[in-house]
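# Structure at a glance
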Amino acid sequence: VFNLVKVNAMKYAVQIPNFGLVGEARILADLAALAEEHHWDAMFIWDHLQWPNSEPCVDPWVALTAMAMQTEKLTIGPMVTALPRRDIGKLARETISVDRLSGGRLKLGAGLGWQTIPEYGGFGHEQDLRIRAAMLDEGLEVLTALWSGQPVSHSGKYYRVECEAFNQPVQSPRIPIWVGGLWPSVKPFRRAAKWDGILPISKKALEGKQISPEELIEIRDQLEEFGADLSDYDISIAGTTQCAEDNEIPKAYANVGATWWIESGMAWLSSLEDLESRIRRGPPAI
């Protein structure tokens with residue numbers, strides 16, 4: 001039997017690209033400070049090497065470092081990083097460093113990346129989705145081992161690691177990992193059930209389709225079927241609220257178990273001034 005959650009359990013995040021109008025670390029750091037000032041719980045940024053016809057583009061870990069130094073309470077992180085195209089040792093160092101710098105405010109979003117964006121083939125990374133999925137699964141295991149503070153000796157199909165113990169992140173037992181997954185695919189949700197949260201996206205997201213509250217109930221049921229303990233689990237929904245009447249939108253998701261509302265429409269605002277104005281209005285009140 002599905003139990004409704006308390007509406008006030010929901011938290012609110014701003015989600016912003018790392019390219020185009022906001023493709024500079026200083027701009028993203030200033031926006032993070034603005035988001036903290038106006039009572040957002042988090043600011044998440046995209047992780048892309050390039051976006052078609054968009055320049056400049058900033059490295060997300062440089063930007064997250066700047067954001068950490070401009071804020072005191074705001075949760076930060078990439079939503080999501082395409083782990084199979086990243087060096088696993090460097091990613092471990094980056095995540096540990098930003099988590100320690102921020103005092104334990106990092107969440108790591110991880111996924112395969114969008115197939116239609118030319119970042120894999122353009123830079124010689126693996127393009128086969130099945131191989132990338134296997135790399136993601138193995139990579140997450142290696143990454144969390146590197147966070148453990150213990151020596152790591154790993155010889156797998158895709159990763160080879162021999163290293164002394166890294167220093168540990170602030171958060172324990174680990175930096176929270178949210179897995180991105182296209183709904184209604186099954187495998188991403190089986191993967192997500194092993195970790196700390198899910199960022200579900202409709203397969204038709206590029207056509208403007210959003211996960212519905214009814215689909216979110218199905219997603220929760222599937223996560224539980226795969227063994228997730230939803231009593232301590234983050235379920236995030238990306239969407240857009242433009243006016244007071246839209247406040248009912250996140251409420252509908254909170255009523256069926258979403259714990260985070262990620263305000264994602266800012267990605268498509270046409271000016272930095274419009275983006276700042278939306279952040280100043282604060283999160284939708286439910």
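Below is a summary of the structure that appears in this document. These figures come from a predicted structure and were not determined experimentally.

Let us look at a negative patch on the surface. Among the surface-exposed residues, Glu214, Glu218, Asp221, Glu224, Glu225, Asp229 and Asp232 lie close enough to one another that they form a single negatively charged patch. Along the chain, the position of Glu225 falls in helix α6 (residues 213-225). Residue class for Glu225 comes out exposed when judged on its relative accessible area of 64%.

Here we take up the packing of aromatic side chains. Summed over the entire model, instances satisfying the criterion amount to eight aromatic pairs. Note on Tyr253 and Trp261: the rings are 5.9 Å apart at their centroids and 40° apart in plane angle, and the pair reads as tilted. Of the residues examined, Tyr253 reaches a relative accessible area of 5% and is grouped as buried. Under the relative-accessibility criterion, Trp261 is labelled buried at 0%. Ring pairing ties together the aromatic residues Phe19, Trp46 and Trp51, which thus form one cluster. The ring of Phe166 carries the charged tip of Arg93 above its face, separated from the ring centre by 3.9 Å.

The sheet built from nine strands is open, its strands ordered β3-β2-β1-β11-β10-β9-β8-β5-β4 with parallel pairing. Pairing within the sheet leaves two strands with one partner each, and these edge strands are β3 (75-78) and β4 (81-82). Across three bridges, strand β5 (residues 108-111) lies against strand β8 (residues 177-183) in parallel orientation. Residue pairing for β8: Ala110 is matched across the bridge by Val179. Across the sheet, helix α2 (residues 60-70) is in contact with β2 (42-45), β3 and β5; its angle to β3 comes to roughly 175°.

Glancing now at unusual backbone geometry. Cis peptide bonds are those with omega within 30 degrees of zero, and the linkage from Met79 to Val80 qualifies with -5°. Mapped onto the elements of the fold, Val80 is located in the loop between β3 and β4. With an omega of 15°, the peptide bond running from Trp183 to Pro184 counts as cis. On the secondary structure map, Pro184 appears in the loop between β8 and α5 (187-192). One non-glycine residue, His39, lies in the positive phi region at around 75°. For His39, the position within the fold is in the loop between α1 (25-37) and β2. Residue classification places His39 among the exposed residues on the basis of a relative accessible area of 63%.

Running from N to C, α1 and α2 cross one another at 40°; their axes reach a closest spacing of 8 Å. Between α1 and α2 lies a crossing whose hand is right-handed. Between α1, through Ala25, Leu28, Ala29, Asp30, Ala32 and Ala33, and α2, the contact on the second element is made entirely by Val62, Ala63, Ala66, Met67 and Gln70. Considered class by class, the residues forming the contact of α1 with α2 number nine nonpolar, one polar and one charged.

In this section: the nonpolar core. Membership of the largest hydrophobic core comes to 68 residues, with the highest contact counts inside it found for Ile16, Leu28, Met43, Leu223 and Ile279. Apart from residues lying up to four places away in sequence, Ile16 is in contact with Val22, Leu28, Leu31, Met43, Phe44, Ile45, Trp46, Leu275 and Ile279. Among the nonpolar cores identified, the runner-up in size contains eight residues, and Phe44, Met79, Trp178 and Leu199 belong to it.

Another aspect to go through is the pattern of salt bridges. Under the definition given, this model contains nine salt bridges. Residue Arg174 is joined to Asp196 by a salt bridge in which the shortest nitrogen-to-oxygen separation is 3.0 Å. With Arg174 in the loop between β7 (160-163) and β8 and Asp196 in the loop between α5 and β9 (197-202), the pair connects residues that are 22 residues apart, well separated along the chain.

Attention now goes to the side chain of Thr81. Relative to the assigned elements, Thr81 resides in strand β4. For Thr81, a relative accessible area of 0% corresponds to the buried category. Reaching out from Thr81, the side chain makes a polar contact with the side chain of Arg86 at a distance of 3.1 Å. Discounting residues that sit within four places of it in the chain, Thr81 has contacts with Asp47, Arg86, Leu108, Gly109, Ala110 and Gly111.

Cut-offs used in this document
Residues numbered from 1 in each chain as written. Predicted model: local features only at pLDDT ≥ 70, side-chain atom pairs only at ≥ 80, totals over all residues. Heavy atoms only, no water. Patch = residues over 30% accessible without salt bridge, like charges linked within 9 Å, V, L, I, M, F, W, Y side chains within 5 Å. Areas by Shrake-Rupley, 256 points an atom, 1.4 Å probe, with all protein chains shown as cover. Salt bridge = Lys/Arg side-chain N within 4 Å of Asp/Glu carboxyl O. Lys, Arg positive; Asp, Glu negative; His and termini not counted. Charge placed at Lys NZ, Arg CZ, Asp CG, Glu CD. Helix = DSSP H or I, 4+ residues; strand = E, 2+ residues; numbered from the N terminus. Buried < 20%, exposed > 50% of the residue type's maximum accessible area, 1.4 Å probe, protein only. Phe/Tyr/Trp six-rings, centres within 6.5 Å; stacked < 30°, edge-to-face > 60°. Lys NZ or Arg CZ within 6 Å of the ring centre and 35° of its normal. Pairing = 2+ DSSP bridges. Contact = heavy atoms within 4.5 Å. Axes fitted to C-alpha atoms, helices over the stretch in contact; angles between N-to-C directions. Left-handed = near helix turned anticlockwise from the far one by under 90°. Nonpolar A, V, L, I, M, F, W, Y, C, P; charged D, E, K, R; others polar. Core = buried A, V, L, I, M, F, W, Y, C linked by side-chain atoms within 4.5 Å. Polar contact = N/O pair within 3.5 Å; in protein donor to acceptor, adjacent residues only side chain to side chain.

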